[in-house]
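# Summary of structural features
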Amino acid sequence: MKDLNGLFNPKSVAVIGASNKEGKLGYIIIDNLITCGFPGEIYPVNNKADGEILSLPAYKSINDIEGDVDLVVLTIPSKFINSTLEDCGKKGVTDVIIITAGFKEVGGEGAVLEDEMAEIAKKYNMNVQGPNCLGSLDTHTPLNASFAQMMPNKGNIAFVSQSGAMTVAIIDWSISEGIGFSKVVSLGNKVDITEIDVIEELADDDDTKVILCYLEGISQGERFLEVMRRVTKKKPVIILKAGSSQAGAKAVSSHTGSLAGNDSAFDAAFENCGVMRARSMQDLFDYGTAFSKSNLPKGRNVAVITNAGGGGVLTADKIEELGLELAEFDDDVSAQLKEVIPDEGSVHNPIDVLGDALPDRYEKTLDIVLEQDNVDSVIIMACPTASYDPEGVGKAIVSAKEKSNKPLMVVNMGGPSFEKENEVLREHDIPTCVFPETAVSVLKLMERYAAIQAEDQKSCVDDITDVNKEKAQKVIDHATELGRDALLGSEAYQVADAYGIEAAPIVLATNKEEAGQAAENMGFPVVLKIASDKILHKTDIGGVKVNISTKQEAEDTFEKIMANAKEAHPDVIPDGVEVQKMMPNGHEVLIGMLRDEQFGPIIGFGMGGIYVNLINDVCFKLGSGISDEVIDDQIDSTKISKLLKGYRGDAPSDIDSVKNTLKRVTRLTLDFPEIKELDINPVFVYEEGSSALDIKIKI
């Protein structure tokens, strides 16, 4: 773990490239350090310096500074960066921010310079942020080692961004919204310091309650998962991920690959390690603001108090959609509410206090609701009626909140009418929003994070030890030696069998006698199909025959299939014909794996059969660290699960067998990183047991 204390809380800062000329980066950064009230020493450095820069003694070189320098900010041209970085290393500087652009983002010589920069950082064990970044800010030190136009308000939200432009926009916007930050970090090209390093540092930062990130890529996938699993047990991490997974975009050769889409790997990885994902910048800060101000709900029961019936209906709809629950009140609670709310209102959840409600009606209603053990959180929603007293209602909400530690979300559906109320609520750390859907989404995320903190996720595949890894390795090595990038069906069956995956037996026959004998040994009926990784559409050329019921028929069919293949593909020499046991029909499911370059195996489960791409009923989970609970959720989130559990009187299928197959596929793909894709479609699921039919493995 990197020690980034010198980046956020240095005793001294040197700015190399400092300037007396307004508008220059070296001027702006020195001015920002002075203006923010940085309590340490500030050293302007410029090789042409003569006297002072912004009334501070200036130095021609960092070597001219007596004593230690903790943090250096570089704004000089790119061609001078690395030699100056060497000087910093020799000086004993621990932390460097490189504002200058012109490196890997422009390619060519810039990329070479950045590679050299990385080596220098490693040589001197320096923490280097950037290059091509905005800089860093810490409102508690205070420190503004950036060229941002202004210092954000002090708060407990940390914001980590790969985009400098996005960072300055957010700082500017946050001031008008009353949002405060603990730290703001612009990562730039991530030559050394990555989002993982910063988040790991923030996990133990007492000034930070929630960590927000805007990222365009994730560094070091396995380390990201390992660190995030620890950090998210301490405090929430919410990431807005722009762009998409290149690995996912390339994988289109299997059902699993085509169904995964470009972003499934990130969804699966974030869920696996407890990171919560925002889909827009507005969501990111709605979520962050709520986490920064509220306690977590202890459950999913929500009470809604509103002065507008329509708003209550919208809120109830969203609560049901997102899997939260409307808290139910017994007769005693209803009786208490009737003493406060006129008969024209509603004492049932959502509670309608009516449009003429004065502040005391809100406070009394809130007092009653917050006392109920089955209420985990409350949404208070208002429209600006003529009799509405915004400031008074705000104070009433604050008064009720002071008697309870349950999270409140206030929805003020309007603009200028609610300015005074919103000011009161912000001063007392009560989050507000304009629309009810936002409030419900925030509470759902908070409820999910409470569950993440309570989870004790143990990998369920570690217990699978009855496998023959050596047997599977021999099969894969043999295919590799022959120059193939895909296993034959019979080879894939051998690999599956080595890992205890229930599958219909397949035997490769190289002549008709072997085909007839294999069919007889399996027991009829059987299927025969051409064996070749060069022939993709086997059925189209007469390369597949089903319902073979005698030994003689199997021998004759072997010759017919080989002849069909030769006629259709005269330049291809097949490996033979595969003989497979025909299995009775069952519910058809798909189990597959797509290997992401960063995060490893992404396991897919869903509806199988010929309509798999049309129906697109599939759920993806990360193989690393997968638990029984995650597999249960994976199955339950698909439509096919309803059929498996028994639908309209049908007997339930053997879901435990499906879980076992999912675990064993995961174990296999974790053990063999050379397996690029795995696709089993279909797996027939019966009342007892299951059987994999068509197994495709790419290496």
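Quick look at the structure, then. (Residues numbered from 1 in each chain as written. Predicted model: local features only at pLDDT ≥ 70, side-chain atom pairs only at ≥ 80, totals over all residues. Heavy atoms only, no water.)

### Some remarks on the layout of surface pockets
Empty space within the largest pocket amounts to approximately 1500 Å³. The wall of the largest pocket is formed by 45 residues, among which Lys529, Leu536, Lys538, Asp694 and Lys696 lie closest to the centre. The leading source of residues in the lining of the largest pocket is strand 28 (residues 677–685), at six residues. A breakdown of the residues in the lining of the largest pocket according to their chemical character gives 21 nonpolar, 11 polar and 13 charged. In this structure, the second largest pocket spans a volume of roughly 1200 Å³. If you go around the second largest pocket, you meet 41 residues; those closest to its centre are Glu271, Arg448, Ile452, Lys621 and Asp633. Taken together, the residues that form the lining of the second largest pocket break down as 16 nonpolar, nine polar and 16 charged. (1 Å grid on protein atoms, 1.4 Å probe; cavity = no way out; pocket = protein on both sides within 12 Å on 5 of 7 lines; lining within 4 Å. Points joined across faces, edges and corners; volume = space filled by probe spheres on them. Helix = DSSP H or I, 4+ residues; strand = E, 2+ residues; numbered from the N terminus. Nonpolar A, V, L, I, M, F, W, Y, C, P; charged D, E, K, R; others polar.)

### Side note on the pairing of strand 11 (residues 180–186)
When you tally the buried positions in strand 11, you get seven out of seven residues, the bulk of the element. In this structure, strand 8 (residues 135–138) lies alongside strand 11, joined through three bridges in antiparallel fashion. Note that in strand 11 the partner of leucine 137 across the bridge is valine 184. Pairing geometry for strand 10 (residues 153–161) and strand 11, over seven bridges, is parallel. The residue of strand 11 that forms the bridge with lysine 154 is phenylalanine 181. Following the backbone out of strand 10, through helix 5 (residues 164–177) and into the adjacent parallel strand 11, one traces a crossover that is right-handed. (Buried < 20%, exposed > 50% of the residue type's maximum accessible area, 1.4 Å probe, protein only. Pairing = 2+ DSSP bridges. Right-handed = clockwise from strand over helix to strand, strands pointing away.)

### Comments concerning the sheet that holds strand 23 (residues 544–548)
Strands belonging to one sheet form pairs held by backbone hydrogen bonds; the direction of such a pair is parallel or antiparallel. As summarised here, the arrangement of the four strands in space is 21-24-22-23, forming an open sheet in which the pairing is antiparallel. Of all the strands in the sheet, just strand 21 (506–509) and strand 23 have a single pairing partner and so form its edges. Taking each pair of neighbouring strands and ignoring which way they run, the sheet shows an average axis angle of 25°. Sheet strands touched by helix 21 (residues 551–568): strand 21, strand 22 (526–531), strand 23 and strand 24 (576–581). Its angle to strand 22, the strand with the most contacts, is close to 30°. (Axes fitted to C-alpha atoms, helices over the stretch in contact; angles between N-to-C directions. Contact = heavy atoms within 4.5 Å.)

Honestly, it's all geometry; don't read function into it.
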